[in-house]
Amino acid sequence: MFEVIGNDILAPNLHRLTVRAPRVAAARRAGQFVMVRSAAGEERIPLTIGDADPAAGTITLYVQAIGASTRRIVAVPAGGALRDVAGPLGLPTHIANWGRVACIGGGVGTAVLYPLARALAEAGNEVTTIIGGRSAQYIILKDELAAFSRELLITTEDGSLGRKGFVTHALDDLITDPKLRPGAVFAVGPVPMMRAVAEQTRPHGIETVVSLNPIMIDGTGMCGGCRVVVGGVSRFACVDGPEFDGHQVDFANLTDRLSTYRKIEAEHACRLAGKETV
Ligand code: NAD
Ligand code: FES
């Protein structure tokens, strides 16, 4: 069992869990994830390791409560425990010094972006961070990201915080100005956002890394559930990723595969909420 030390709400349906997992905390590197089960027999949920404190033996997980299983995970209070936390899994982020990089987080994807943006800053990159959400209440980790970013740009779709619009509007200013243009772009968020960023940087030849979140089952390369097509070749996000060259990803295929279990997930969520039908 893995004790939950803290459980706080960052945004609607988004929880930050601090979990005691000493061996994971000691071994993890930026970009890696764990497989979590709230109880025996429950679905395994892949969660990026947002942060780790090896001295305290704890890791930080950001969990968006969207389906039945993630709702059960966020329902575990401080003092409770998770049944399984397996990891660290996946390849760590490839960290190099590009000089100037742009890190882009859309909505809850900002939580996945945080550890890799920090690792890029620690490697000496000048990081410009762009985070976006539907409105101010969905903007997360802005103080934490500002602590190591040269500049933090915020966009909201309703204009309630920062610039009104999408993250791509803020990115446009950077890549069209030769004095600001980054050597690499890292984007984590909804698939349409990552796709839009990749199309934006492609004509400029800017290296673009995206973090993919396909459906995962075992997380060890055995089941094929997390198959994504990159450069025309099938890759498994859990062992070959989760980060890939955004210019090579087949986003249409990813979108299609992500919708496979949508109806079943909605039915489970309704049952959990005590309803009969979707
Ligand atoms: P959201 O839909 O509210 O979008 C957040 C921001 O992303 C928007 O405000 C906008 O700035 C940008 N964005 C969205 N669509 C865009 C487009 N077409 N073009 C340009 N910018 C766009 O995000 P949310 O509801 O917080 O995110 C939920 C989604 O994120 C889920 O689909 C989830 O699976 C995915 N997600 C992905 C990862 C990952 O590792 N890639 C991690 C967590 C969540
Ligand atoms: Fe099974 Fe990746 S989750 S192969």
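Definitions and cut-offs
Residues numbered from 1 in each chain as written. Chains lettered and ligands numbered in written order. Predicted model: local features only at pLDDT ≥ 70, side-chain atom pairs only at ≥ 80, totals over all residues. Heavy atoms only, no water. Salt bridge = Lys/Arg side-chain N within 4 Å of Asp/Glu carboxyl O. Helix = DSSP H or I, 4+ residues; strand = E, 2+ residues; numbered from the N terminus. Buried < 20%, exposed > 50% of the residue type's maximum accessible area, 1.4 Å probe, protein only. Contact = heavy atoms within 4.5 Å. Polar contact = N/O pair within 3.5 Å; in protein donor to acceptor, adjacent residues only side chain to side chain.

J.: An account of the pattern of salt bridges is needed here, citing residue identities and associated values.
T.: Once their charged atoms are close, side chains differing in charge can pair, the charge on each being opposite to the other. Taken as a whole, this structure holds 15 salt bridges when the rule is applied. With a shortest N-O distance of 3.1 Å, Arg-16 and Asp-8 are connected by a salt bridge. Across the pair Glu-144 and Arg-16 runs a salt bridge whose closest N-O atoms are separated by 3.6 Å. In this pair, Glu-144 sits in helix 4 (residues 142-146) while Arg-16 sits in strand 2 (residues 14-20), placing the two residues 128 residues apart along the sequence. For Glu-144, a relative accessible area of 31% puts it in the partly exposed group. Salt bridges sharing partners connect three or more residues here, namely Arg-100, Glu-126, Arg-150 and Glu-151.

J.: Talk me through the side chain of Thr-128; I want residue IDs and the actual numbers.
T.: Relative to the assigned elements, Thr-128 resides in strand 9 (residues 126-133). A relative accessible area of 2% means that Thr-128 is categorised as buried. Among residues more than four places away in sequence, those in contact with Thr-128 are Val-101, Ala-102, Cys-103, Arg-150, Glu-151, Leu-153 and Leu-174.

J.: Residue-level account of the side chain of Thr-110, with values.
T.: Mapped onto the elements of the fold, Thr-110 is located in helix 3 (residues 109-122). Look at Thr-110 and you get buried, because its relative accessible area is 2%. Within the structure, the side chain of Thr-110 is placed 2.9 Å from the backbone oxygen of Gly-107, a separation counted as a polar contact. Sequence-distant contacts of Thr-110, that is, excluding residues within four places in its chain, are made with Gly-105, Ile-131, Ile-140, Leu-141, Leu-145 and Val-188.

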